[in-house]
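Chain by chain, the residues run as shown.
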Amino acid sequence: MNAGVVTASVTQPRPRQRPSLLSGRRSPLVYGFAGAGGLLTATGLVFKVQQGGHSWPDAIVNCLGGLLFLAAGILAHTRRPDNRVGLLMVTVGFGLALENLQLSTTSWVHSVGMLVARASSGFLAHLVLAFPEGRLHSLFERALVVTSYASVFLIVPIAVPFDDTSRHPVHTPNALLVTSRPDLDRLLNGIVEQIGAVVGVCIVVILVRRWRAGSPPKRRVLAPVLLAVLVGGVATAANGLVRPYPLRLELLWIYWISLCVLPVGFLAGVLRVHLGDGSVRTLVIQLSGALPPNRLRAALARALRDPSLQVGYWRADADAFVDQDGRVLPMPPPGSGRDVRLMERDGRPVAILVHDSALSEDGKGMDAIAAAAGLALDNQRLADEVRVQLEEVRASRNRIMAATDAERRRLERDLHDGAQQRLVAATLYLRQLEHRLGDTIDHAAAELLDRAAAGLDAAIAELRELARGIHPAVLTEAGLVAAADMLAARMPMPIELTATDLPRLTPAAELAGYYVISEALANTLKHARARRVEIDICYEDGLLRVRVSDDGVGGAAIVPVASSPSVHSAPDTDAAPVRLPPGTRSEADAFLHHGTGLLGLRDRVAALDGTLAVDSSPGLGTTVAATLPAIPIRQGGRQ
Amino acid sequence: MTTRRTEETERHGKQADGWTTSGGKPVRVVLADDNAFIREAVARSLGDFGFEVVAEAGDAASLRTAVAATAPQVAVVDIRMPSTWDLAGPVTPAVNPRMLLSDQLGGLHAAKDIRYEHPVVGVLLLSEYLVSSQHLERFFGDSARGAGYLLKARVTGLAAFAEAVHRVAHGGSVIDPEVVAAMMGRRRSLVDGLSNREREVLALMAEGLSNGAIAGRLRLQGKTVESHVNHIFVRLGLEPELDGHRRVLAVLTALGLRH
């Protein structure tokens, strides 16, 4: 399948309703008709009462039918301004009210009413055939509509001048009477009735055929209307065949009741085709959670009320749309009753929806659902991409960290085995020289020798600290507890170190644990004014837990300030709260300066999927706790 | 420095430039360090002080062999020695992490073995850093007899170092002052009830000095030291009249060597 072809064939605009004065906009015409219809209905009710001889139920049902059509029409038009069904429903209601004019006892009003005595039938035929899309489907349907309009608006008025109403049971004089020709009047009315019966039968047949050809969504739309039309149509047809005039009362009742049901059915149909805001809302909410492909399809099918819905995902490598199981989705041939909806993003195909053609009627609803689905599908794709990228970045971060750590380990080892050992050896030789010379040299020479040796000692001490800052050899060689012990020994305040008999763990985890302790102690020393510190180390259930808590001033917070590796935000950072013994000062300084900083620490912990938490309320001390996934490692040597 | 050496030399009644056994023969030493410069320099230094370095070893295995073969009185052992793997090779992230982590405390393991297999051989451990008390505890075992632990930096204080080697060679105990200071710092509640002088005495007890040596170091009368020691014993809840290596271990235990 070629993507370009797909895009072209699918994205070409669907045949929408022809541009009309009604398309897409709410029309004052509809409300005008509705208003007039309402007034006429009220007038008709008055006429009926004046005329007498009409039962209350008859009057009420008669009015109700018209009003229901008007109300349903307005609602349908409001919800679907681009669908003519609303207008047609209003005209049916209007027509029904118009017919009531003939009930007037005023002669000329009665005669005008006679001219439009069957107005509603024409509108009704049009409505039923145009339902639910609001347009006629074939030339035959148009012919039917034209025929019925001609019958009710041409033939009926032609008969009026020959109808001498003074012979009717209710004898309001006919103002338009030319000559009393009951035979002609009966003939013309008979023609109208026969036409009505034939059109009615045709409509029933068309509806039944539509029903049989229809998909489940379409059938649901047609069902109420088909039922009402069947009943009403049969009644009308029966009336056309069963003489004499006037109508049989039972048939009239059936006709009226089905007339009342019809507008409700039409409205239900229009609103059903309309994929309501509700279903879009529900869908959007469902899609806001990450849905696996099969659940996504189900959610879309529910929102579209189309169980046969298929979702095709664009696979660039296959150059095709595939379903959730990876099978290529065939394009439905034209006229198969199934439409294809393409969802694109930035000109690239994302997915297609293969759905029932009935759904194409609600352009906006379909647009909304397709947009929501497209967003979700694109999000799914983006999320997948981001996840893959994130995994790559994490892997590369871990690699970089491991490489850096390994490099630092190597550097420390080089320093230790090289320069440091040579310096120690040189100092030893110098001290031996000093020892051998003993009292044979003068005081000044002895002092020089001593100074040289002391300088070398200091250099060795600094080098040792430098190496320790680069990488704590004690950690690699003796483990986390030993390293923590060493860190604790440097602190000028009492340290309580609690550690279970820890196995050796993955180097990265041990190193992270070490840096957590080192950093926490550095911050305690610098800011906390603590009198005692507790260090807890334990390993259980695959997790290395490290906790350092002090009884200092607290108020620490993780502030990701790159320039300041401090967790404490105490304002007097310059005032060293703890006076260090002279011997430990340089160690403590080195200790602080070699800290990796909290930001680096967090990165390090996060890279291992661990967590770092700082709990520090002012006055309640500070607790830094890290949890690090770690795996025990068998030791090479013996315990 | 010179003064201190002279004093201690006199206290032990030895000739100025040598530490010898009572029979006049030099103390036999095995030296183990993975760094050849250090081995050579320390060997010379010990030689200057009258020790006889009978063997040198660069790794744990040859240390064991050397001790078994030469029956020295003392082994001076660097704690950081490769035991299984040589870490000096190229280190890359691709390297098996087990290899990187395989124990580097080869000296410690060998030292423990020697103390078990050759109880008469004293072992003086040298370490770059303060190892964990767990390690120290394993090294000492039930007795601190003939066991010493010093920071490696001490080797440049020749006379004090030579004295430590000598003490360990003769069954004495040596604990690095810095280790003792760290332990006392951590058990401050225990130490707080002591006077400054008593703390000094306690520290020297923990370092492995006898009452006589403490008296000499602090320039006190023997009786005074004894009374301090007794008071400390009461304070720490120790059995009185302990002496020698048993006293060292008891004091270290009280200071938290064993949990």
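Residues numbered from 1 in each chain as written. Chains lettered and ligands numbered in written order. Predicted model: local features only at pLDDT ≥ 70, side-chain atom pairs only at ≥ 80, totals over all residues.

Enquirer: Mind showing me how you'd approach the overall build of chain A here?
Expert: The helix and strand inventory of chain A stands at 19 helices and nine strands. Expressed as a percentage of its 639 residues, the buried residues of chain A come to 40%. Long-range pairs, those at least 24 residues apart, make up 69% of the contacts in chain A with a sequence separation of at least 6. (Helix = DSSP H or I, 4+ residues; strand = E, 2+ residues; numbered from the N terminus. Buried ≥ 20, exposed ≤ 12 C-beta atoms within 10 Å, placed from the backbone. Contact = placed C-beta atoms within 7 Å.)

Enquirer: Mind showing me how you'd approach the pairing of strand β9 (residues 622–629) of chain A here?
Expert: Consecutive side chains of a regular strand alternate in pointing toward one face of the sheet and then the other. All names here are of chain A. Every second residue of β9 is oriented toward a common face, the buried set being Thr622, Val624, Ala626 and Leu628 and the non-buried set Thr623, Ala625, Thr627 and Pro629. Pairing geometry for strand β7 (residues 543–550) and β9, over seven bridges, is antiparallel. Bridge pairing in β9 links Val546 to Ala626. Linking two consecutive strands that pair antiparallel, namely strand β8 (residues 611–616) and β9, is a turn of five residues; a positive phi of about 85° is found at Gly619 within it. (Pairing = 2+ DSSP bridges.)

Enquirer: Even after reading the chapter, I still don't get helix α4 (residues 85–99) of chain A, so can you show me in this structure?
Expert: Relative to the 21 Å expected for 15 residues at 1.5 Å per residue, α4 of chain A spans 21 Å between its end C-alpha atoms, a close match to the ideal helical length. Across the 15 residues of α4 of chain A, 15 count as buried, placing the element largely inside the fold. (Expected span 1.5 Å × (residues − 1).)

Enquirer: Which parts of the structure should I look at to understand the environment of Thr147 of chain A?
Expert: Residue and element names in this part refer to chain A. With respect to the element layout, Thr147 can be found in helix α7 (residues 139–159). Placed 25 residues apart in sequence, Thr147 and Gly122 show a C-alpha to C-alpha distance of 8.6 Å. Setting aside residues up to four positions removed in sequence, Thr147 forms contacts with Ile195 and Val199.

Enquirer: I keep staring at the sheet that holds β8 of chain A and nothing clicks. Help me out?
Expert: For sheets, the rule is that strands pair by backbone hydrogen bonds, running either parallel or antiparallel. Residue and element names in this part refer to chain A. Taken together, the five strands give an open sheet; going across it, the order is β5-β6-β7-β9-β8, and neighbouring strands pair in mixed fashion. One side of each edge strand has no neighbouring strand; the edge strands of this open sheet are β5 (495–499) and β8. Neighbour-to-neighbour, the strand axes of this sheet turn through a mean angle of 10°, independent of strand direction. Where helix α16 (residues 480–490) meets the sheet, it contacts β5 and β6 (533–540), and its direction lies at approximately 175° from that of β5. (Axes fitted to C-alpha atoms, helices over the stretch in contact; angles between N-to-C directions.)

Enquirer: Teacher, can you tell me more about helix α6 (residues 119–130) of chain A here?
Expert: For an α-helix the count is 3.6 residues per turn, leaving residues at separations of three or four pointing the same way. Residue and element names in this part refer to chain A. Here α6 contains twelve residues, and its C-alpha end-to-end distance of 17 Å stays within 8% of the 16 Å for a straight helix at 1.5 Å per residue. The element α6 is extensively covered by neighbouring structure, given that eleven of its twelve residues are classed as buried. For α6, the set of buried residues is Ala119, Ser120, Ser121, Gly122, Phe123, Leu124, Ala125, His126, Leu127, Val128 and Leu129.

Enquirer: Looking at this structure, how should I read the confidence of the model for chain B?
Expert: Predicted coordinates in regions of low pLDDT should not be interpreted in detail. Residue and element names in this part refer to chain B. Scored by pLDDT, chain B comes out at a mean of 80, with 81% of its residues at no less than 70. Ranking the helices and strands of chain B by mean pLDDT puts strand β1 (residues 28–32) first, with 96, and helix α1 (residues 2–12) last, with 40. The low-confidence segment residues 1–17, where pLDDT is below 50, has twelve contacts with residues more than four positions distant or belonging to other chains. Predicted confidence for residues 85–102 stays below pLDDT 50, and this span has 31 contacts to residues more than four positions away or in other chains. (pLDDT = per-residue confidence, 0-100.)

Enquirer: Any chance you could explain the nonpolar core here in plain terms?
Expert: One finds Ala484 of chain A together with Ala75, Val77, Leu124 and Val165 of chain B to be the most contacted residues of the largest nonpolar core, which totals 132 residues. With 13 residues, helix α17 (residues 507–528) of chain A is the largest single contributor of residues to this core. Residues within four places of Val77 of chain B in sequence aside, it is in contact with Ala32, Leu63, Gly107, Ala110, Ala111, Val123, Leu124, Leu125 and Leu126 of chain B. Among the nonpolar cores identified, the runner-up in size contains 84 residues, and Leu124, Leu144, Val192 and Leu353 of chain A belong to it. (Core = buried A, V, L, I, M, F, W, Y, C linked by C-beta atoms within 7 Å.)

Enquirer: I tried to follow the confidence of the model for chain A on my own but got confused; where do I start?
Expert: Residue and element names in this part refer to chain A. The pLDDT averaged across chain A works out to 78; a share of 82% of its residues lies at or above 70. Least confident of the elements in chain A is helix α1 (residues 3–11), whose mean pLDDT is 34; most confident is β7, at 94. Note that pLDDT drops below 50 for residues 1–24; the model gives that stretch 26 contacts with residues more than four away or on any other chain.

Enquirer: Quick question: what am I supposed to make of the packing of helix α8 (residues 177–186) of chain B against helix α10 (residues 196–207) of chain B here?
Expert: The description of two packed helices rests on the angle between their axes and on the distance between the axes. All names here are of chain B. Here α8 crosses α10 at 125°, and the two axes come no closer than 9 Å. Compared by their axis directions, α8 and α10 come out oblique. With respect to the hand of their crossing, α8 and α10 are arranged in right-handed fashion. Only Ala203, Ala206 and Glu207 of α10 make contact with α8, whose side of the interface consists of Pro177, Val180, Ala181 and Met184. Looking at side-chain class alone, the contact of α8 with α10 contains six nonpolar, no polar and one charged residues. (Parallel < 35°, antiparallel > 145°, perpendicular 65-115°, else oblique. Left-handed = near helix turned anticlockwise from the far one by under 90°. Nonpolar A, V, L, I, M, F, W, Y, C, P; charged D, E, K, R; others polar.)

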